[in-house]
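Below, each chain spelled out in residue letters.
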2 protein chains.
Amino acid sequence: MKIGKQSWIFNEKPVISAAATVAGPFEANGKLANEIDLFHKDLYMNQPTYEQAHQQLIEDATKLTVQKADLRFQDIDFFISGDLINQMTPTNFASRTHKIPFIGSFNACATSAGSLALAALMVNYKSANYVITGAASHNAAVEKQFRYPTEYGAQKPPTAQWTVTGAGFGLVSQTGTGPVVTRATIGRVIDLNQSDPFNMGAAMAPAAADTLKNHLKDHQLTLDHYDLIVTGDLGEIGRNLLIDILRKEQIYLKEEQLIDAGLSIYSQDQNVFSGGSGTGCSALYLYSQLYRKLSNKELNRILFIATGALLSPLSTLQNQSIPVIAHAVAIESEGV
Amino acid sequence: MKIGKQSWIFNEKPVISAAATVAGPFEANGKLANEIDLFHKDLYMNQPTYEQAHQQLIEDATKLTVQKADLRFQDIDFFISGDLINQMTPTNFASRTHKIPFIGSFNACATSAGSLALAALMVNYKSANYVITGAASHNAAVEKQFRYPTEYGAQKPPTAQWTVTGAGFGLVSQTGTGPVVTRATIGRVIDLNQSDPFNMGAAMAPAAADTLKNHLKDHQLTLDHYDLIVTGDLGEIGRNLLIDILRKEQIYLKEEQLIDAGLSIYSQDQNVFSGGSGTGCSALYLYSQLYRKLSNKELNRILFIATGALLSPLSTLQNQSIPVIAHAVAIESEGV
């Protein structure tokens, strides 16, 4: 049901009844080393190209998801996902492998949350029994396309972020046990005229603030409804900016109530500049540690806000600023 | 409600209560000259780049749509659309202009049908009052990215298609008058190992056949349920191939029951090789002539099947074949 201006409430409480995550070698040395199901030992993942390795991540994570649910691909009704590579070929080609009816969804790094909202909508209204949703990114494939091939060794400013090599997928279903999806807010596109593609966190923070503010308003909630607000990949700079923007709107988000996925994947000693990023960043964190903590009730209620920078290398060359978006999904541990 | 393996039935019959179309100078000399709302006199459309002209098409068509419905952008709940340009910047930037909460959707040239299915789903379950959906493409922006800048004058084989410069959008709503959306089938990704990007029609025909076959099976219908089957942009070659493939499956689609949008936009004397194509092709045709004929009951029931080739220039260079998809939406004139 629509609630407020741009939000949904899911009365049937669709269940995320299984989830799986797969990542690369660099992520294996990070904070989620014990939370991720499968690590590939090198960035090629036995594939001839980085784009096909990206596809491999999606295939592995979706396969693990159905296996954990004791299902097969043919039992799944719909697959909703997307990625940053031009025309989303890694996701398209993975869909050719598993053959699940496919709805391509793209809002850059907000794809994970937008797709989860759509999946919950379908399941809530019995328009699907099982939907697999999530997102992936691959450091070398994405960096090559958006910036420079990593082999060039181009220097980056400290505001830059590190594209995560990883995939996180979940199975949203009418039955089963697991965390439930209760609410969503679909974001609108914001643009505060930021145009530095090496400072995405600053560009994306206003979108996160806008969606969070509208989520609370639409659902008539206050911040204390949630144990945690989890942002996608604002990084250090964007995270601090989000707290500042909200304070100016008289919304007081406490430091300890806000976790950013981009700051939760890598260890302190891994030099990832301002933090992790990429479509896979928020999905990897959601469907690993957050999923575990919501399943075992270490967490009761979170608001997951994934943010996306809707630029392209070409729009940057054409001197356009960076439009941004954020979608929010509320997830609760079962029976809360 | 889900019906069969991969289909939906919309019992509340969401209404397409307004629609608008905008196109370029070449389309102004075609068959739809009297059906399209607005033509731009040149391909730049008063913009500095072709990509921004592409954005202009979307902005014009969405604005005309809300004007026809006597609404304003702020009355619209959600915008669902996407395009072929890398990271969908024309659609993203248009969303920044109208500020409607935005769900990016991408299945190449199947985007128009996939997005319409999602819009109908939302409206059917009162998860939206008003959704604007549709798609656009721009010949020079798309050709430059996928093939060569048109100024190079590269020769094309007769199997090639011509990217449509045009936008078609509709307003899907709970109330109002107009054609209604009654059914949908979400396609799966098919790949018969076709790898020639200059012969998309042949690549896409098997996806159209698969989705049509599954649509009839899921909804327990026969072909005669529909006045017309309308495909997106198979062109001459793909259209004939579709009839052949179906015949082998004992589904006898008559020549006169099948119309292809790609063959319905340009005149005989316009040299567009095998026909029109692009995300805007099927949308331009649906929201102009088909919308008019469904509104005035010249047509009672159509099945609109948009097909998408899920390749990228890079996947072609990497010697990958072309995965394809088709989504189908049934549209009926009101009160049928």
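Bear in mind the structure is a predicted one, so any value in this text is a computation, not a measurement. (Residues numbered from 1 in each chain as written. Chains lettered and ligands numbered in written order. Predicted model: local features only at pLDDT ≥ 70, side-chain atom pairs only at ≥ 80, totals over all residues. Heavy atoms only, no water.)

Trainee: I tried to follow the relation of the copies chain B and chain A on my own but got confused; where do I start?
Mentor: Put simply, the second copy of the chain is the first one after a rotation about an axis and a shift along it. The transformation that overlays chain B on chain A combines an axial shift of 0.0 Å with a rotation of 180°, and the residual RMSD is 0.0 Å. These values place the two chain copies in the arrangement generated by a two-fold rotation axis. A symmetric contact is evident, with 100% of the interface residues of chain B recurring at the interface of chain A. (Least-squares fit on C-alpha atoms with pLDDT ≥ 70 in both. Contact = heavy atoms within 4.5 Å.)

Trainee: In this structure, what is going on with unusual backbone geometry? I would like to understand it.
Mentor: For residues besides glycine, phi is generally negative; the peptide bonds are generally trans as well. All names here are of chain A. With phi around 50°, Ala 108 is a residue other than glycine that occupies positive phi space. Along the polypeptide, Ala 108 turns up in the loop between strand 6 (102–104) and helix 3 (111–124). Its identity is not glycine, yet Lys 297 carries a phi of approximately 65°, on the positive side. Among the structural elements, Lys 297 can be located in the loop between helix 7 (279–295) and strand 14 (301–309). Given the relative accessible area of 47%, Lys 297 is considered partly exposed. (Helix = DSSP H or I, 4+ residues; strand = E, 2+ residues; numbered from the N terminus. Buried < 20%, exposed > 50% of the residue type's maximum accessible area, 1.4 Å probe, protein only.)

Trainee: Please explain the pattern of salt bridges as it appears in this structure.
Mentor: A side chain with one charge may pair with a side chain of the opposite charge, provided their charged atoms come close. Under the counting rule described, the total for this entry stands at 26 salt bridges over all chains. With a shortest N-O distance of 2.7 Å, Arg 188 of chain A and Asp 210 of chain A are connected by a salt bridge. Of this pair, Arg 188 of chain A sits in the loop between strand 10 (180–185) and helix 5 (200–219) while Asp 210 of chain A is found in helix 5, placing the two residues 22 residues apart along the sequence. Given a relative accessible area of 27%, Arg 188 of chain A falls into the partly exposed group. By relative accessible area, Asp 210 of chain A is classed as buried at 8%. Where Lys 156 of chain B meets Glu 143 of chain B, a salt bridge forms, and the shortest distance between an N and an O atom there is 2.8 Å. With a gap of 13 residues between them, Lys 156 of chain B in the loop between helix 4 (139–146) and strand 8 (162–163) and Glu 143 of chain B in helix 4 connect regions that are remote in the sequence. (Salt bridge = Lys/Arg side-chain N within 4 Å of Asp/Glu carboxyl O.)

Trainee: Looking at this model, I keep getting lost on the domain arrangement of chain A. Mind explaining?
Mentor: Size of an interface: often given as the accessible area lost when the parts come together. All names here are of chain A. Parsing chain A into structural domains produces domain 1 (2–173) and domain 2 (180–332). Averaged C-alpha coordinates put domain 1 and domain 2 at centres separated by 17 Å. The interface is formed by 64 residues belonging to domain 1 together with 64 residues belonging to domain 2. Contact between domain 1 and domain 2 buries roughly 5,200 Å² in total, counting both sides, with carbon and sulfur atoms accounting for 62%. (Domains from an automatic or database assignment. Buried area = accessible area lost by both parts, 1.4 Å probe.)

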